[in-house]
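Secondary and tertiary structure notes
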Amino acid sequence: MDLGIHGRKAIVCAASKGLGFACAMALAREGVSLVITGRNAEALEAAAAKIRSETGVSVRAAAGDITSPEGRATALDLCPAPDILINNAGGPPPGDFREFTDAMWHDALNANMLSPIAMIKAVIDPMIAQNFGRIVNITSGSVKSPIANIGLSNGARTGLTGFVAGLARQVARHNVTINNLLPGPFNTDRLRVTVAKAAEAAGRTADEMIAARAKENPAGRVGEPEEFGAACAFLCSNRSGYIVGQNLLLDGGGFNSTM
Ligand code: NAP
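Residues numbered from 1 in each chain as written. Predicted model: local features only at pLDDT ≥ 70, side-chain atom pairs only at ≥ 80, totals over all residues. Heavy atoms only, no water.

**Details of the site of the ligand**
Around the ligand, the surrounding shell holds 28 residues, and the nearest of these are Ser16, Leu19, Arg39, Ala89 and Thr188. For the ligand, an oxygen atom lies 2.6 Å from a polar atom in the side chain of Ser16. Considered on its own, the ligand offers 880 Å² of accessible surface; in the complex 90% of this is hidden by protein. At the level of elements, helix H1 (18-29) and helix H6 (189-202) are the ones that each hand at least two residues to the shell around the ligand. In terms of residue count, H6 provides more of the shell around the ligand than any other element does, three residues in total. Of the residues contributing to the shell around the ligand, the split by class is nine nonpolar, 13 polar and six charged. (Near = heavy atom within 4 Å. Polar contact = N/O pair within 3.5 Å; in protein donor to acceptor, adjacent residues only side chain to side chain. Areas by Shrake-Rupley, 256 points an atom, 1.4 Å probe, with all protein chains shown as cover. Helix = DSSP H or I, 4+ residues; strand = E, 2+ residues; numbered from the N terminus. Nonpolar A, V, L, I, M, F, W, Y, C, P; charged D, E, K, R; others polar.)

**Looking at the packing of aromatic side chains**
The relation between two aromatic rings is expressed through the spacing of the ring centres and the mutual angle of the planes. Going through the model one piece at a time under the given rule, you end up with two aromatic pairs. Summarising the aromatic geometry, the rings of Phe100 and Trp105 are spaced 6.0 Å apart at their centres and angled 85° between planes, so their arrangement reads as edge-to-face. Classification of Phe100 by relative accessible area gives buried; the value is 10%. For the pair Phe186 and Phe228, a centre-to-centre distance of 5.3 Å together with 80° between the ring planes defines the contact as edge-to-face. Of this pair, Phe186 sits in the loop between strand S6 (176-183) and H6 while Phe228 is found in helix H8 (residues 225-235), placing the two residues 42 residues apart along the sequence. On the accessibility criterion, Phe186 (6% relative accessible area) is buried. (Phe/Tyr/Trp six-rings, centres within 6.5 Å; stacked < 30°, edge-to-face > 60°. Buried < 20%, exposed > 50% of the residue type's maximum accessible area, 1.4 Å probe, protein only.)

**Concerning a nonpolar patch on the surface**
A cluster of nonpolar side chains, contributed by Trp105, Leu109 and Leu114, occupies part of the molecular surface with about 240 Å² of accessible area. Its location among the elements puts Trp105 in helix H4 (residues 102-130). When its relative accessible area of 30% is taken as the criterion, Trp105 is described as partly exposed. (Patch = residues over 30% accessible without salt bridge, like charges linked within 9 Å, V, L, I, M, F, W, Y side chains within 5 Å. Salt bridge = Lys/Arg side-chain N within 4 Å of Asp/Glu carboxyl O.)

**Looking at the pattern of salt bridges**
What the rule picks out here adds up to seven salt bridges. Asp207 serves as the salt-bridge partner of Arg192, at 3.3 Å between the closest nitrogen and oxygen. One end of the pair, Arg192, is in helix H6; the other, Asp207, is in helix H7 (residues 206-216), and 15 residues separate them in sequence. The exposure class of Arg192 is partly exposed, given its relative accessible area of 30%. One salt bridge connects Arg221 with Glu227, and the closest N-O pair in it is separated by 2.7 Å.

**Some details on H7**
Where H7 is concerned, the buried positions are Met209, Ile210 and Ala214. Along the axis of H7, the buried residues cluster in a sector spanning 140°; they form a single face. Every exposed residue of H7 that faces more than 90 degrees away from the buried side is listed here: Lys215 and Glu216. Looking at the buried positions of H7, the neighbouring elements they touch are H6. (Arc of directions from axis to C-beta. Contact = heavy atoms within 4.5 Å.)

The structure is reproduced here in structure tokens:
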């Protein structure tokens, strides 16, 4: 299927590896030129080079922390009016909520709620003016089904989800869509970090924990980032204008429900 976005411009936040990188690569394969972000400039440039060499599209690296005004400005300076925005950032640390300080809550809310909202605010009016825009927020399956040891993520991301639910319906008539992609377990470094504590407590390695989770999943495995990128590219296509304010769970069927 031709997604109809060849020649479009995208900012993909937090994209030097993992799910953000996979989204960037999937968009680049559709002919979308990119600005990608990440804090580690060297890793980001390597990611940009990989996407360029595989797809031939223009990929510019905006090194910086997307949760800071300066980091966002660096990306927006390179691409002030993107057609597509993928919001992403690292997830907050796991732990017992009794140990979460106010500063940790502020960081989580800033990274996983306020920063994506700031990016949306910066790009949405030009999208409305041109009658095309696609915004995808990478959130988490924890929005739908809370995960006990990542309360910071459960809380902050649900705040973003509530905000987006309202805004998406205000901009849809301008062919600007906002949707959320909710990863279940995906084969990235972040997955290793989130299972590390539980693995330690159980006297197992992170890989053993991940293998156990894979076995329990209806699909019998964890997800591959490329699968996530493909779903993201579809939500950014010119065929997806009637998908508005949705929360698409990609978890191999791990969330057990009838609908
Ligand atoms: P990952 O493999 O650890 O990759 C994270 C990427 O984000 C890296 O490129 C990292 O580069 C960049 N990044 C992190 N913080 C950043 C910041 N403040 N500013 C700019 N770039 C930043 O993680 P992932 O698995 O792709 O996860 C992506 C998101 O999905 C996270 O929010 C995660 O919590 C969520 N999630 C993942 C899973 C899973 O199973 N993988 C499940 C549920 C939710 P630098 O470190 O160089 O900045």
